[in-house]
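Fold and contact review
Now for the letters of each chain:
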Amino acid sequence: MSSQPASPASLAVAGAKAPVAVESSPAQYLTFLLGGEMFAVGILNIKEIIEYGTVTEIPMVPPFIRGVINLRGAVVPVIDLASRFGGKRSEISRRTCIVIIELTDNDERQDIGVVVDAVSEVLEIPASEIEPPPSFGARIRADFIKGMGKVNGKFVILLEVDKVLSVDEIASLSHLAGDGADGNTGGTPSA
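Presented here is an overview of the structure given in this document. (Residues numbered from 1 in each chain as written. Predicted model: local features only at pLDDT ≥ 70, side-chain atom pairs only at ≥ 80, totals over all residues. Heavy atoms only, no water.)

**Notes on the pattern of salt bridges**
According to the stated counting rule, one finds six salt bridges in the structure shown. For Glu-48, the salt bridge identified is with Arg-72, shortest N-O distance 2.4 Å. A residue pair is termed long-range when its members are at least 10 positions apart, and Glu-48 in strand E3 (residues 46-51) and Arg-72 in the loop between strand E4 (65-71) and strand E5 (74-80) qualify at 24 residues. You can call Arg-72 exposed: its relative accessible area is 64%. (Salt bridge = Lys/Arg side-chain N within 4 Å of Asp/Glu carboxyl O. Helix = DSSP H or I, 4+ residues; strand = E, 2+ residues; numbered from the N terminus. Buried < 20%, exposed > 50% of the residue type's maximum accessible area, 1.4 Å probe, protein only.)

What follows is the structure, encoded as structure tokens:
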């Protein structure tokens, strides 16, 4: 009878093959524009995309921290990616968005908003179309780049969100910014 349920042994074998199939399937990325360049973040890190609204500025923080927003009662820090990458602050336009990214650090979840010029689309990029990050020549730190995805003959910079939005690094930079004034970090823990 072929209608019998699968044995545990056959399920184990089927389960062992699944991760290989998932790894070779294309990963989905949210693409967005920043300073005229196309960047992408893995879709699994994206919580939501919201319109740029009221951002409350925080004193004595690094220039790339725009401030905080109230997201359904939760305080969410907002990072200006253009400034984080060493450029000037983003100009706010009607297409400017805040992408809410969820990070997990030591079983703790942290939402961080990032300011982008415009959200483009969700793309599937096969692993075979992703090149390693360049060792030089990029306008941003090499450890911020996960890889270079090839899409329609052009490169999309795939970001390593855990590095770009490292809570420990941002906290230590906030601490340094606070030391320049009166030593007060505004309650930001130091790393």
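From this point, the narrative continues.
**A short note on the pairing of strand E2 (residues 37-42)**
Both strand E1 (residues 27-34) and E2 contribute to a ladder of six bridges, which runs antiparallel. What sits directly across from Thr-31, in E2, is Ala-40. Following E1, the chain reverses through two residues before pairing antiparallel with E2; Gly-35 in that reversal takes a positive phi of roughly 60°. Of the strand pairs in this sheet, E2 and strand E11 (residues 154-159) are connected by two bridges, and their pairing is parallel. By the bridge assignment for E11, Phe-39 is matched with Ile-157. (Pairing = 2+ DSSP bridges.)

**What about the sheet that holds strand E7 (residues 108-116)?**
Strands sit in the order E3-E6-E7-E5-E4 across an open sheet of five strands; the sheet is mixed. Edge positions in the sheet fall to E3 and E4, since each has one partner strand and no second. Each neighbouring strand pair of the sheet contributes to a mean axis angle of 30°, computed without reference to strand direction. Pairing of E5 with E7, which is carried by three bridges, proceeds in the parallel orientation. (Axes fitted to C-alpha atoms, helices over the stretch in contact; angles between N-to-C directions.)

**A few points about the side chain of Asp-80**
Looking at the secondary structure, you find Asp-80 in strand E5. Polar side-chain contacts of Asp-80 include one of 2.9 Å to the backbone nitrogen of Ser-90. (Polar contact = N/O pair within 3.5 Å; in protein donor to acceptor, adjacent residues only side chain to side chain.)

**Structural notes on the pairing of E5**
Along any regular strand, the residues point their side chains to alternate faces of the sheet. Where E4 and E5 come together, six bridges link them in antiparallel fashion. Bridging across to E5, Leu-71 finds its partner in Ala-74. Connecting the antiparallel pair E4 and E5 is a turn made up of two residues, with Arg-72 showing a positive phi of about 50°.

**Quick notes on the sheet that holds strand E9 (residues 130-131)**
Taken together, six strands build an open sheet; the order of strands is E8-E1-E2-E11-E10-E9 and the sheet is mixed. Two strands lie at the open edges of the sheet, namely strand E8 (118-125) and E9, each paired on one side alone.

**Side note on a negative patch on the surface**
On the surface, Asp-105, Asp-107, Glu-108, Asp-162 and Asp-168 cluster together into a negatively charged patch. Position of Asp-162 relative to the elements: it lies in helix H3 (residues 161-164). (Patch = residues over 30% accessible without salt bridge, like charges linked within 9 Å, V, L, I, M, F, W, Y side chains within 5 Å. Areas by Shrake-Rupley, 256 points an atom, 1.4 Å probe, with all protein chains shown as cover. Lys, Arg positive; Asp, Glu negative; His and termini not counted. Charge placed at Lys NZ, Arg CZ, Asp CG, Glu CD.)

**Quick look at the environment of Ile-98**
Assignment of secondary structure puts Ile-98 in strand E6 (residues 97-105). Considering only alpha carbons, one finds Ile-98 and Val-115, 17 residues apart in sequence, at a separation of 4.7 Å. Ile-98 has contacts with Glu-48, Ile-49, Ile-50, Tyr-52, Val-55, Ile-69, Val-78, Gly-113, Val-114 and Val-115, leaving out every residue within four places of it along the chain. (Contact = heavy atoms within 4.5 Å.)

**A look at the side chain of Arg-84**
Position of Arg-84 relative to the elements: it lies in helix H2 (residues 81-84). Judged by its relative accessible area of 9%, Arg-84 falls in the buried class. A polar atom in the side chain of Arg-84 sits 2.9 Å from the backbone oxygen of Val-164.

**Digging into the packing of aromatic side chains**
Counted according to the given criterion, the structure contains three aromatic pairs. Arranged with centres 6.1 Å apart and planes meeting at 20°, the rings of Phe-32 and Phe-39 form a pair that is stacked. Accessibility expressed as a relative area gives 4% for Phe-39, which makes it buried. Members of the aromatic cluster, joined through ring pairs, are Phe-32, Phe-39, Phe-85 and Phe-144. Above the plane of the ring of Phe-64 lies Arg-84, whose end atom (NZ or CZ) is 4.9 Å from the centre. (Phe/Tyr/Trp six-rings, centres within 6.5 Å; stacked < 30°, edge-to-face > 60°. Lys NZ or Arg CZ within 6 Å of the ring centre and 35° of its normal.)

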